[in-house]
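# Fold and contact review
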Amino acid sequence: NAGVMQNPRHLVRRRGQEARLRCSPMKGHSHVYWYRQLPEEGLKFMVYLQKENIIDESGMPKERFSAEFPKEGPSILRIQQVVRGDSAAYFCASSPDRVNEQYFGPGTRLTVT
Amino acid sequence: TQLLEQSPQFLSIQEGENLTVYCNSSSVFSSLQWYRQEPGEGPVLLVTVVTGGEVKKLKRLTFQFGDARKDSSLHITAAQPGDTGLYLCAGPTSSASKIIFGSGTRLSIRP
């Protein structure tokens, strides 16, 4: 049973470009969470999605950031017009039930130059 | 706002020693989880504690949930270099809309 998959593992973007981060949850999991982690810090909640619905986006910046989890395909975290401050590790987690134990992917490390 | 505070923030000890790290809140949590994260990887779930006063053991790791369900501790016996990593506690918010994480304890075990 494959775990949570994220791609790409590393992403380099220049300021002003768009970044698209993908997350495929574990088989049978319909709940997806995105977190951001800066070096030497803990995980900061961004958004919680269930298939085709955003449940809680209280941790998402109001501008430039969006997330979706379509009926088919992976969840996407999209960052438009990236700035240097967006450089971080972005982790996706999935769970079979609401706010249950979460299983994390390996993360995408975004570097904005 | 529910918060989880972890202490100490950093801990460096010699191989073979025992240690305890803490996760505290002023709020009641229905459950708390502990994760370990190694450099360059995602967090890995170690345990979930649900009942106040509950104690769970995972080999040399002992997890305890406070009676009032506001705090938890992780005790490691005879620490080994493989225990090195970032230990995170986490719990669901009262609205059950998300899981929040503590800032973590970064543990380093010297051979």
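The coordinates are above.
Quick look at the structure, then. (Residues numbered from 1 in each chain as written. Chains lettered and ligands numbered in written order. Predicted model: local features only at pLDDT ≥ 70, side-chain atom pairs only at ≥ 80, totals over all residues. Heavy atoms only, no water.)

Our focus in this paragraph is the interface of chain A and chain B. The interface of chain A with chain B comprises 22 residues on the first partner and 22 residues on the second. Interface area for chain A against chain B, summed over the two sides, is near 1,700 Å², with a carbon-plus-sulfur share of 52%. Our enumeration of links across chain A and chain B arrives at zero salt bridges. Mapped by element, the contributors of at least two residues to the side of chain A that touches chain B are strand E4 (31-37), strand E5 (43-50) and strand E10 (103-104) of chain A. Counting residues per element, the side of chain A that touches chain B draws most heavily on E5(A), at three residues. Taken together, the residues of the side of chain A that touches chain B break down into nine nonpolar, six polar and seven charged. (Contact = heavy atoms within 4.5 Å. Buried area = accessible area lost by both parts, 1.4 Å probe. Salt bridge = Lys/Arg side-chain N within 4 Å of Asp/Glu carboxyl O. Helix = DSSP H or I, 4+ residues; strand = E, 2+ residues; numbered from the N terminus. Nonpolar A, V, L, I, M, F, W, Y, C, P; charged D, E, K, R; others polar.)

As a further point, take the sheet that holds strand E3 (residues 19-24) of chain B. Residue and element names in this part refer to chain B. Pairing within the open sheet is antiparallel, and its five strands lie in the order E1-E3-E8-E7-E6. A strand with exactly one partner marks an edge of an open sheet, and here the two such strands are strand E1 (5-7) and strand E6 (55-58). When strand polarity is set aside, the average angle formed by the axes of neighbouring strands in this sheet is 15°. Where E3 lies against strand E8 (residues 71-76), six bridges are found, and the strand directions are antiparallel. Among the inter-strand pairings, Thr20 is bridged to a residue of E8, identified as His75. (Pairing = 2+ DSSP bridges. Axes fitted to C-alpha atoms, helices over the stretch in contact; angles between N-to-C directions.)

Time to look at the state of the cysteines. All told, the structure shown has two disulfides over all chains when counted by the stated rule. Sulfur-sulfur distance for the disulfide between Cys23(A) and Cys92(A) comes to 1.7 Å. Because the torsion about its S-S bond is -45°, the bridge between Cys23(A) and Cys92(A) counts as left-handed. Taken together, the residues Cys23(A) in strand E3 (residues 19-24) and Cys92(A) in strand E9 (residues 88-95) connect sequence positions 69 residues apart. Cys92(A) carries the same exposure label as Cys23(A), and that label is buried. Covalently, Cys23(B) is tied to Cys89(B) through a disulfide, its sulfur atoms 2.0 Å apart. In this structure, the disulfide formed by Cys23(B) and Cys89(B) twists by about 75° around the S-S bond and is classed as right-handed. With a gap of 66 residues between them, Cys23(B) in strand E3 and Cys89(B) in strand E9 (residues 85-92) connect regions that are remote in the sequence. (Disulfide = S-S within 2.5 Å. Buried < 20%, exposed > 50% of the residue type's maximum accessible area, 1.4 Å probe, protein only.)

It is generally the case that most residues other than glycine have a negative phi and that most peptide bonds are trans. In this structure, Pro8(A) follows Asn7(A) across a cis peptide bond, with omega equal to 0°. Across the junction of Ser7(B) and Pro8(B), the peptide omega takes the value -10°, indicating a cis bond. At Arg64(A), a position not held by glycine, the phi torsion is positive, near 75°. Structurally, Arg64(A) can be placed in the loop between strand E6 (53-56) and strand E7 (65-68). Residue classification places Arg64(A) among the partly exposed positions, given a relative accessible area of 25%. Although it is not a glycine, Gln81(A) adopts a positive phi angle of roughly 45°. The residue Gln81(A) is located in the loop between strand E8 (75-79) and E9 in this model.

Here we take up the pairing of E9(A). Residue and element names in this part refer to chain A. Judged by how many residues are buried, E9 sits mostly within the fold: eight of eight residues are covered. Burial along E9 is two-sided: Ala88, Tyr90, Cys92 and Ser94 facing one way and Ala89, Phe91, Ala93 and Ser95 facing the other are all buried. Bridge count between E4 and E9: seven bridges; the pairing is antiparallel. Note that in E9 the partner of Tyr35 across the bridge is Phe91. Note that E9 and E10 share two bridges and pair antiparallel. Within the sheet, the bridge partner assigned to Ala93 lies in E10 and is Phe104.

So, about the pairing of E6(B). All names here are of chain B. In this structure, E6 lies alongside strand E7 (residues 61-65), joined through four bridges in antiparallel fashion. Each bridged residue has a counterpart across the sheet, and for Lys57 the counterpart in E7 is Thr62. Between E6 and E7, which pair antiparallel one after the other, the connecting turn spans two residues, and Lys59 there sits at a positive phi close to 55°.

Residue and element names in this part refer to chain A. Mapping His31 onto the fold places it in strand E4. A polar contact of 2.7 Å, which involves the side chain of His31, links it to the side chain of Tyr48. Excluding anything up to four places from it in sequence, His31 contacts Tyr48, Leu49, Gln50, Ala93, Ser94, Ser95, Pro96, Asp97 and Arg98. (Polar contact = N/O pair within 3.5 Å; in protein donor to acceptor, adjacent residues only side chain to side chain.)

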